[in-house]
Amino acid sequence: MRTSVNRRGARYTAVAIAAGALVLSACSSGGGGGGGDKKSAGPGEDKNVSSNFSLGTKDDSTGPAPQPAGAKKGGTVTVLQRDAFHHLDPGQIYYGDMLINQLLYNRSLTGYKIDEKGHVKVVGDLATDTGTSSDGGKTWKFTLKDGLKWQDGSPITAQDVRWGIERLYASFETDGPQYIPQWLSGDGTSYRKALPDGPYNGKHLPSSVLDTPDDKTVIFHFQRPHADAPFATAMPNVGAIKADKDTKQKYDNAPFADGPYKVGDYKVGKSLTFVRNENWDPRTDPLRNQFVDKFDISFGHQATDSTRRLLAAQGPDKNGMSWTNAVAPEMVEKVLSDQGTKSRRFIELQPYLDVIDFNMDRLKDVRVRKALAYAMPSGQIIQQIGGATAGQLATNLLSPSVDGYQPSDPFGKKAKPNGDPEKARALLKEAGKEGQEIVYAYANTDVQQKVSVVITQALERAGFKVQKKEIDSNVWENAIGEAKNKFDIYRTGWGADWPVASTVLEPLYDGRTISDGASNYAHLNDSAVNSEIDRISAIPDVKKAAPDWMKLADKILNDDVPAVPTYANLQFALWGSGLGGVKYHPVYGYADPTSVFVK
């Protein structure tokens, strides 16, 4: 998963998959806690331990969703966001802010049922359960629930799910996760050849690949066994799309809802409202409630602005929150010292790992990339983003929450968290690249502008010349996602889509995935890495594969050096005093809006 403001993709815990069954095992990483005492500055109870995650039953998959104490209907929630949403189309969603946002209007085959304590179950969302496998885990069958309806009251059918899957093959669907189409039709981007125009010209995948024998049944025939299918089908793009409402690229502005809310008014780049979907049936939905009348979202709020307004909690901001804006670094102490905020804040370790990517199309000398890695001032970066309430030092490419994780620190970040300029200078001298210019791109947010100062100073101490390129945060994702971008280094973040390292290393470092909008931001294309990804992916028991993924992660970082890890993200969230039902979403790493109510 890609992060957004502080970025999506590292969650969960260890998972052992064998013979079509998911067995969670002990492996941990990070974060919980509801703010603790007055000076609490870090996560409390660990929510990423494997015991916190499980597969739910058919009974767990039935609605209605549990209701928090004191919940009532009515009112408007004000949502303050920094960046405008780049996508509302579920097929294009892979960033944390949009992942949270789509929970209101979009449903997947499966989903994550999260209780008030942060315990997570994978359950059926549109489906009656988490699926039934056969053929050694290559074939997966899902049955749709009764009573599912679109916002116009028409029934949701298996054919709508087929349409939703097949449109992912179209050339304009570039930004979302690609697991299901790849598992059905081929690795990398080769799957597109199976249905290059999607379903739009009347063509469909054969029933031997994707079958909908009746209105209630969806059957996937994967090329290889995938016992982790219940996780993949929880991605936002593995759901239903109504064919006669599919406007292709324009669907980003007017998605047709099957969740509890539908788009009311949308002024692209400025504001977005969600209003009640009267045809949503809570009896079908184990994940979401429909308490408030309206969510009123506005964009352009830097962290300082949103923190100030939510702390004051006056007027509409009393019923305010943010999907992803964290407490501003300069206001951390003020919020922590305010006893009145204890019941309306949390500090949680997110599933995301931040890195500085090196564009390998431009930085071809590995010694230069190693020099950048040694020079990067991870400790100072953490201080600029908010210190102990915002990040924890990271030293390799995997999160401890991923099965098979082993600590490693090839660039000595624990000993020298602010960088090793002498080692960096020596590498540049060896490469004959002293004084090399680095084009450093960063988003024009308050925090990243501060980060840019310490990174620039550190690189200059190490013997680089730095050309800074400030990018509008509203187009940041597109700018760094271009395969032929003109930048040398830039920040990204990622978290495992489920607790298996393949969901990190394959999307980020498989050279066959390089394309506009893809997640291989460093443009690493190492045939040895590609081959090893294939070899490890073919191991049917991911518990046995886990050590090999860790070895590959270390090989990539030590030998290829496509990036340098900087920190694991924490989210320090604050909301208005008039709201109840706010909880942490351990999977997406931000505040969960599905049970929010106005007191």
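Residues numbered from 1 in each chain as written. Predicted model: local features only at pLDDT ≥ 70, side-chain atom pairs only at ≥ 80, totals over all residues. Heavy atoms only, no water.

Caption draft 1: View of the packing of aromatic side chains. On inspection of all chains with the given rule, the structure shows 22 aromatic pairs. Plain terms: the ring middles of Tyr-352 and Tyr-590 are 5.9 Å apart, the flat faces sit at 35° to each other, and that makes the pair tilted. Of the two residues, Tyr-352 sits in strand β15 (residues 345–358) while Tyr-590 sits in strand β23 (residues 590–592), which places them 238 residues apart along the sequence. The exposure class of Tyr-352 is buried, given its relative accessible area of 1%. With relative accessibility at 0%, the residue Tyr-590 sits in the buried group. Here Phe-487 and Tyr-490 contribute two aromatic rings whose centre-to-centre distance is 6.4 Å and whose plane-to-plane angle is 75°, an arrangement assigned as edge-to-face. Judged by relative accessible area, Phe-487 falls into the buried class, the value being 12%. Note on Tyr-490: relative accessible area 0%, which makes it buried. By way of ring pairs, the aromatic residues Trp-140, Phe-142, Tyr-179, Trp-183, Phe-220 and Phe-222 are connected into one cluster. In this structure, Arg-167 is placed above the aromatic ring of Tyr-251, and the distance from its NZ or CZ to the ring centre is 5.1 Å. (Phe/Tyr/Trp six-rings, centres within 6.5 Å; stacked < 30°, edge-to-face > 60°. Helix = DSSP H or I, 4+ residues; strand = E, 2+ residues; numbered from the N terminus. Buried < 20%, exposed > 50% of the residue type's maximum accessible area, 1.4 Å probe, protein only. Lys NZ or Arg CZ within 6 Å of the ring centre and 35° of its normal.)

Caption draft 2: Molecular detail of the sheet that holds strand β4 (residues 76–80). Taken together, the five strands give an open sheet; going across it, the order is β11-β12-β13-β4-β14, and neighbouring strands pair in mixed fashion. If you trace the sheet from one side to the other, it starts and ends with β11 (261–267) and β14 (320–321), each paired once. Both β4 and β14 contribute to a ladder of two bridges, which runs parallel. When the sheet's bridge partners are listed, Thr-78 is paired in β14 with Gly-320. (Pairing = 2+ DSSP bridges.)

Caption draft 3: Region of the structure containing the sheet that holds strand β10 (residues 217–221). Reading across from one edge, β7-β8-β10-β9 is the order of the four strands in this open sheet, with antiparallel pairing throughout. One side of each edge strand has no neighbouring strand; the edge strands of this open sheet are β7 (132–134) and β9 (210–214). Averaged over all pairs of adjacent strands, the angle between their axes in this sheet comes to 20°, without regard to strand direction. Relative to strand β8 (residues 139–143), β7 is paired through three bridges, and the arrangement is antiparallel. Residue pairing for β8: Ser-134 is matched across the bridge by Thr-139. Relative to the sheet, helix α2 (residues 158–166) contacts β9 and β10, its axis offset from that of β9 by approximately 165°. (Axes fitted to C-alpha atoms, helices over the stretch in contact; angles between N-to-C directions. Contact = heavy atoms within 4.5 Å.)

Worth remembering: the numbers are spatial, not functional.
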